[in-house]
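Commentary on secondary and tertiary structure
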Amino acid sequence: MSDLHFSGVVLPGGEGEFWVSDGAVHLSDPGATGPRTELTGYAVPGYVDAHCHVGIVEDGEPDLVRGRALALEDVAVGVTVIREPGSDLDTSPLDGQPGLPRFVRMGRHIALVKRYTRGLGEQLEDPSELVAAVRRRAAEGHPWIKLVGDWIDRSVGDLAPLWPDDALAEAVAAAHDAGARVTAHVFGEDALPGLLAAGVDAIEHGSGLTADTIEVMVEKGIGLVPTMIQIENFPSIAAPAAEKFPTYHRHMLALHDRRKATFRAAWEAGVAMYAGTDAGGFNVHGALPREITALAAVMPPEDAIAAASWCARQWLGYAGIDDGAPADLVIYAEDPRVALAHGALPAPSAVVVRGALA
């Protein structure tokens, strides 16, 4: 692990310099302990992909070898923290490996039988089992727990909530009592009021947000990970159901068509939004620049970068480019804010993970 010295623009501030030694950031020169690499340009605190599954793959069975390779694809674009919202594969053996990001895990999704992707997550037989399932997940020690809040209900032919409001309230309280935060997958409108009233800490996707539910999210400080590039896939996700479930098909297309207006309204109202790709489902790994670019269509470029960088890191309890902080960094040769305003992020000139160049 060689020492590093950076001089240039340090976001979200301005001109500055810092050093990296023994894996940590130093705002004054600690003295070189070995060869020193000079870096210049624009430094951004390492990115967070706040919705990224390295333990889920579209084909075959996931394993740690493949999970490691997928995580490295994310690191290549600057991801230094992965929030993994649900996985049947225990990826904890990847923790602390050189060159790999830090992980924030939730264990397995909690859903209902026939109300989620077949074979994925813990699928309960009855909503009355939800509280016990949440307590089991909390006992595993994960900092977050993920509920599937809505999914297609084939008996009604459309998206519908999975859980009654009283079960949600008790389950979220049980998670909070155990020190865990709760998030929920939600595509449509109807599941949101119950989840928000129960006090969940975040919403994944949130394409069905309305003025009323946006207001509640702002009042309660509930975070949103909109996975905008996943919602771009709604037409292809819904297409196979067009004949058998036409109401669901039309609903998914409507959510897709108004996605930018929905998330722009959320941003303008003050909902805290964070970047997540939903890699491992329909999206490939290494797609965070695409998600940041999509966010820049509904908020200013610097705020879109913040949603993947310093704001997301603070939300999950990770420091930025601060004295003594672990050194997770993305370096650009050109101003990423200007490049993003013109349509896309440039490729990083360097990525530093756990104090070492990736």
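Residues numbered from 1 in each chain as written. Predicted model: local features only at pLDDT ≥ 70, side-chain atom pairs only at ≥ 80, totals over all residues. Heavy atoms only, no water.

Reading across from one edge, β3-β2-β1-β4-β16-β17-β18 is the order of the seven strands in this open sheet, with mixed pairing throughout. Only two strands of the sheet have a single neighbouring strand rather than two, namely β3 (24–26) and β18 (356–357). Both strand β4 (residues 36–45) and strand β16 (residues 329–332) contribute to a ladder of four bridges, which runs antiparallel. Each residue of the ladder has a partner; that of Tyr-42, found in β16, is Tyr-332. (Pairing = 2+ DSSP bridges. Helix = DSSP H or I, 4+ residues; strand = E, 2+ residues; numbered from the N terminus.)

Of all hydrophobic cores here, the largest spans 90 residues; its most connected members are Tyr-47, Leu-147 and Ile-203. Among the elements that take part in this core, helix α3 (residues 165–177) stands out by supplying six residues, more than any other. Within the second largest apolar cluster, 14 residues are counted, among which are Leu-4, Phe-6, Ile-321 and Val-352. (Core = buried A, V, L, I, M, F, W, Y, C linked by side-chain atoms within 4.5 Å. Buried < 20%, exposed > 50% of the residue type's maximum accessible area, 1.4 Å probe, protein only.)

So, about the packing of helix α10 (residues 288–295) against helix α11 (residues 301–308). Any two packed helices are characterised by the angle at which their axes cross and by the distance between the axes. In contact at an axis separation of 8 Å, α10 and α11 are set at 140° when each is read in the N-to-C sense. With respect to each other, α10 and α11 are oriented oblique. Note on packing geometry: the crossing formed by α10 with α11 is right-handed. On α11, the residues that touch Leu-288, Ile-292 and Leu-295 of α10 are Ala-304, Ile-305, Ala-307 and Ala-308. (Axes fitted to C-alpha atoms, helices over the stretch in contact; angles between N-to-C directions. Parallel < 35°, antiparallel > 145°, perpendicular 65-115°, else oblique. Left-handed = near helix turned anticlockwise from the far one by under 90°. Contact = heavy atoms within 4.5 Å.)

This model, assessed by the stated rule, comprises six aromatic pairs. Three or more aromatic residues link up through ring pairs in this structure, and these residues are Tyr-116, Trp-151, Phe-187 and Phe-234. Here Arg-83 stacks its cationic end above the ring of Trp-144, 4.4 Å away from the centre of that ring. (Phe/Tyr/Trp six-rings, centres within 6.5 Å; stacked < 30°, edge-to-face > 60°. Lys NZ or Arg CZ within 6 Å of the ring centre and 35° of its normal.)

Taken in spatial order, the three strands of this open sheet run β5-β6-β7, and their pairing is parallel. A strand with exactly one partner marks an edge of an open sheet, and here the two such strands are β5 (47–49) and β7 (102–105). If you compare each strand with its neighbour and ignore which way they point, the axes differ by 20° on average. Sheet topology places strand β6 (residues 79–84) next to β7; four bridges connect them, and they run parallel. In the strand pairing of β7, Val-81 is matched with Arg-102.

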